[in-house]
Structures are given as C-alpha cells and as structure tokens.
Amino acid sequence: MSGISLTAATRSNLLTLQTVADQQAKVQGTLATGKRVSSAIDNPINFFTAAQLSDRRSDLSGLLDGLSNGIQTLQAASRGIEAIENLVQLGRSLAMRAAAAPAAVSTPAAITSVSDYTIDDVVGAQPAIAAASGPQNLTGVKGTLTQTDIAGPLDATPGRTVTVRQARGATVTYEVRSPVPTPPGNFFSDASELADRIRRDFAATVTLSSDPATVATIAPTGDDQAITVDGDAIDPVQPGPMVTKAADTFRYAVNNGLPVTFTVRTPADPANGFFNSPATLRDAINARAGPSAPSAGLDLSGTRLVLVAADKDDTFQLSGSGSTLSHLGFTQPASYTYQPTPSLDTKSITYTLGKGVEERSVTVPFGYEAQEVTTLAQLNARLSTADMIATIEPSPNGKVVVRGISGREADTITLRTPDGEAPPSGMRILTGSDGPLSVTSALSEPGASLRRSLARDYAEIRDQISALARDSSFNGQNLLMGANVRLPFNEDGSSQTEVAGARMDADGLGLFTSLDGEFLDAASVRETMTQLQAASIALRSKSSEFSTAHATISTRRDFSAALTNILAAGAAQLVDGDMNQAAASASALALRRQIATSSLGLATQAQQAVLQLLRG
C-alpha cells in the first residue's frame, strides 16, 4: 500500500471526512448524554469544578432531610408542651379548690417533753418542780378544828409531868428536868421543848401562845384520832373536853425522808403550820423550811402553789389526807413524786416535720457552749428552719411542746436520736422513749375526705403530665424527656445548632404528690401551688426556646434548599450541552459530510478518465 500514491485533492477530502466523522461522534455524544463535558479529557477544569459543585449539592441535599426531621421533632415537643400546660392549669384549679375546702385538722400534731423546763434553760438539770395546774376546790377540805386548848402556864418544877394520850394510839408521859439530858428522851424544861417532844411522838400540830412559857393548842393530824392531855405540870388544868377532830393535811417528804405536815385551819397560822389557802400554805412551808426543804411560791396567776426542790438532785413526794392534793389543784405526776429534770447537755435530737418532698429536718445540739442550744429562743431559731416552733406550757416553767408552724398542722412530727449518741439518749431524756417517736394530727370531716379526694385527682393529672411528656417523641427523639438534637447546617459541620431538651414530665417539672399532707393543711396546698407556678414558667420558657430554634432551623433549611439549586445550576452550566446547538451542529455536519463525499468523488474522476483511455 505504500506504493500507492493519492492525489492531494483526494487526501484533503479524506481528512475532511475524518474530521467531520469525529465532530459528528462528539455531537452525537452530547445529544445522547446531554453533556458537552463528560470526562476530564473533554475539559478538565469544567469537569472537576462541576464534580465539586455536584458533590456539595449532594451533601446539602442529605442535610435537608435531617433538618426536616429536626423541625418535626420540635413541632412534636411544642404540641406536647401546649397539652402539658393545659393539665398544669387544671391542677392549679384543683389546688385552689382544696385551699377553699373546709379545714381537715382538728388537733395539730405536737410532741411534749416528760419533764419541765424554763424559757431560759431547755437543756435541763433543773430541780424537781411541783406546780398545781388543775382546778381548785378549797371548800372541799376539812378545816374546822375543835382543838385541845391548854390554859395557863406550865409548872416547870423538876419532876412535874404531862401525859398525852391519843385514841387508838400511844400514851406518853413527859417529865420536867433541868438540865435536859442528851438525848432528851421524854424530858423537857420549857413549853417549846415539850412541843417538840409531842410533835416527835404524835401525828399532831402543837402551837405556843404569845407567852413562850405556855403551850396553847394541840391538834391531831390523823383521821379523827382524839387527843387528851393531863398532868401536874399543867396549872390550871385546861377546861372542857380535851378532844380534837382531825383536819385535812398537806405533807411533803424529801428523798423519801420523814414527811413534814401542814394542817388546814381557819383562821390560818402559817408560823405554826396551819393554812387555809395556797398563799398561807406557801407561807407555812417557807416558815418551816430547812436546808433540804423545797421553797414554795405561787404561779403567775397568784392562785396556785409551786414547790421547787432545794437541790437539783433532790426528789420529793407530796401527800395529804383525803383529797387535799386534788383540791389544791395537783394533778400529776403518778404517786405525786417529782423528779429533777435530767440534763440534755451534750445530747442531740433530730426533729423532722412531714414526709417526702415536704419533709423538713433539723438536728438540735443541746448544751451550754457557744454553738449549742440553751434557751427557748435558740431552740426556736433552729426549729424555724424546719417549719416548727416550740413553746413552754405553762410558761415560764413547764413542758416543752413542739408543733408545726401555722399552715403545716397536718404534718407528722418525728423525733429521733442521731446515731452513736451514748445512753441515756436525748430522746430518752426528753420524751421517755428510745425513739424514733412520731405523732400525727387528728383529722376532722368532711374536710379531710374532700381534700384527699382532690389530692387523688391531682395525682392523676400528675401521671398524665408524665405520660404526655413520654409520648411527645418523633423518630425516636424526645425533647421533653431530656434528649438533645444536634443539626448540622453545612457539609463539614462547622455550622450547626443544638436544641437542648429538658425533662418536662412531672418529676422534671418539680410536681410532686404530697406524701403526708394530701392537701390536708395550708402548707401542702401552698407548696403545690408554688410547684405548679414554677412548672408553668418552665414550660413557657422552654416553649419560647423551641419556637426560636424552629424559626432558625426552618430558615436554614430554606437556605440550604435554595443553595442546592444554585449549585446544580452552576454544575450544569459547566458540563451540560446546548441541545439546540448540538442538533444544528449534527445537521450541519451531515451536510458537510455529503459535500466532502461529493468532493472526494470529483477528485477521483481524473483518475477514472485515464483508466478509460487505457481501456480504449
């Protein structure tokens, strides 16, 4: 073939046909694919730029689905908040009805100490105190005496005698002697010593006249045991029947010692042990007071007797004939034995009011140091932090009574000893119990039933709030149960937003069912109203956050959608072919091919003429 020679015209036409064929193939590819740049060979710059734009468009298109899901999640949460807010308002109406309901508490819970304290010292180590506090009936005591009257002075000549006899009792003869031996036995030298010997040997009250040498009266203190007196030391002998009738008596004894006796008589004579009122009994006790004798006084009303032991370690007992003690207003304790108050020094007690979320507790350290509780005012400063208050009843000396403050009358009060306190514990000293000790209030109807019914309705609303929060999810994401939703806005994540969820169920909103009050007292209702108000504020705040996030995400979604269109158009401009131009080019190339083919035929006609000459 190398020996074949083509004319220049033939070669030119052949090259034209080849070029047209190549151009037709390219135009047909454009028509077939719609792309004028289908590979890097066609146009590297346009091809790779369009590929980059298409890749970014694809990434943004994928993010659009996530943004749409985020918007739906926000809408589900917003609808949930609206429904929960409606239930919160319904709960508030129930609480307001409970506040207007009849009272449910007839007797508030209170814990009372077993011993007496003072407003200045609630730690203890107080002496025994006997205070009359009950009703008095002084007309009920027997106080009319027919006493043995002694007329004339005693004959104090040595050897003279006085004989005292008591019915169903002893007969004792006393003899004048000077000096009186030690021990004195039944000897005396004057009227005062004779009176001491009679008091020693008989249940009797002996008085002296204004003349120290004369015994004036002898009165029995037993149950109508008559007393007679005679003897040659009495000059002259007393007139009339020497018989007395017993009157009611009042006695005290310190540390189980010998009793000291006081007798009812009108007119009273406190100096000699006779009384007819609390005031004259006070004077009689104080007139005969010894080193260990209790001191006597009157309460703030000035009508009731109060006895205080001389020593903080002393115990004393009261007794009397008939119903003397009860007529004087003494009502406690059992056996009328009065003990000193044990000390709470270095002891601690934990006071608790209510249960569950309404529970308030405080531990009180008792003692006399700077950081310890000594006075009633200091005790109340501690108790007030736990919604409790203490009083001394009766004041200023009485029992320590702890109650809930006004509005928390229905709450249970519980006392217990902190772990590790050595016995006897503060609980044992204060209440007589090893604890813990709980006291509940007494309820009244129909207020208690109505308030409990409203509390049950409120508890149901609370459960429904939690159910609504759990159901407000979309595609497995729940902003009302604390989930966070992170949404990227661009392909590399450098621009994004995160929607913070929160627990919007009953617990998350702080709506707790009262475990103790059940709307039974004002504090329980007030606490519920406070919780509902706080829940409503939290719901509105979170709703505002979700609204802002919804607007932001919607704006970014619309922007991203528009940007994907821009990217697609940019990529198309770089690689897409103009179909009109391609179609026109295809037609022109087909015509051009026909022309080139015709031209090639003309170029070969000269050679065909030579061939005809050779044949001819």
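Now for a look at the structure at hand.

Cut-offs applied
- Residues numbered from 1 in each chain as written.
- Predicted model: local features only at pLDDT ≥ 70, side-chain atom pairs only at ≥ 80, totals over all residues.
- Heavy atoms only, no water.
- Pairing = 2+ DSSP bridges.
- Helix = DSSP H or I, 4+ residues; strand = E, 2+ residues; numbered from the N terminus.
- Axes fitted to C-alpha atoms, helices over the stretch in contact; angles between N-to-C directions.
- Contact = heavy atoms within 4.5 Å.
- Buried < 20%, exposed > 50% of the residue type's maximum accessible area, 1.4 Å probe, protein only.
- Arc of directions from axis to C-beta.
- Phe/Tyr/Trp six-rings, centres within 6.5 Å; stacked < 30°, edge-to-face > 60°.
- Lys NZ or Arg CZ within 6 Å of the ring centre and 35° of its normal.

It is worth spelling out the sheet that holds strand 23 (residues 437–439) at this point. The four strands are arranged 19-18-22-23 in an open sheet whose pairing can be described as antiparallel. Of all strands in the sheet, those with a lone pairing partner are strand 19 (360–365) and strand 23, marking the two edges. The mean inter-strand angle of the sheet, taken between neighbouring strand axes irrespective of direction, is 15°. Of the strands in this sheet, strand 18 (348–353) and strand 19 are in contact with helix 6 (residues 376–383), which crosses strand 19 at around 150°.

Moving on, we come to the environment of Ala77. In this structure, Ala77 sits in helix 2 (residues 44–100). Given a relative accessible area of 0%, Ala77 falls into the buried group. In sequence terms Ala77 and Phe474 are 397 residues apart; their C-alpha atoms lie 8.5 Å from each other. Not counting residues within four places of it along the chain, the set of residues in contact with Ala77 comprises Ser472, Leu479, Leu480 and Phe546.

Listed in full, the buried residues belonging to helix 4 (residues 278–287) are Pro278, Thr280, Leu281, Ala284 and Ile285. Summarising the axial view, the buried residues of helix 4 lie within an arc of 160°, below the 170-degree limit, and thus occupy one face. Here the buried face of helix 4 lies against strand 11 (249–254), strand 12 (260–264), strand 13 (274–275), strand 14 (295–298) and strand 15 (305–308).

Moving on: the packing of aromatic side chains. Scanning the model with the defined rule gives three aromatic pairs in all. Consider the rings of Phe250 and Phe330, whose centres lie 6.2 Å apart with planes at 35°: the pair is tilted. Of this pair, Phe250 sits in strand 11 while Phe330 sits in the loop between helix 5 (324–327) and strand 17 (337–338), and the two are 80 residues apart along the sequence. Phe330 carries the same exposure label as Phe250, and that label is buried. Judged by centre distance (5.5 Å) and plane angle (25°), the rings of Phe316 and Tyr338 are stacked. A residue pair is termed long-range when its members are at least 10 positions apart, and Phe316 in strand 16 (residues 316–320) and Tyr338 in strand 17 qualify at 22 residues. Here Phe316 and Tyr338 have matching classes, each one buried. We note Arg177 situated over the ring of Phe187; from NZ or CZ to the ring centre the distance is 3.9 Å.

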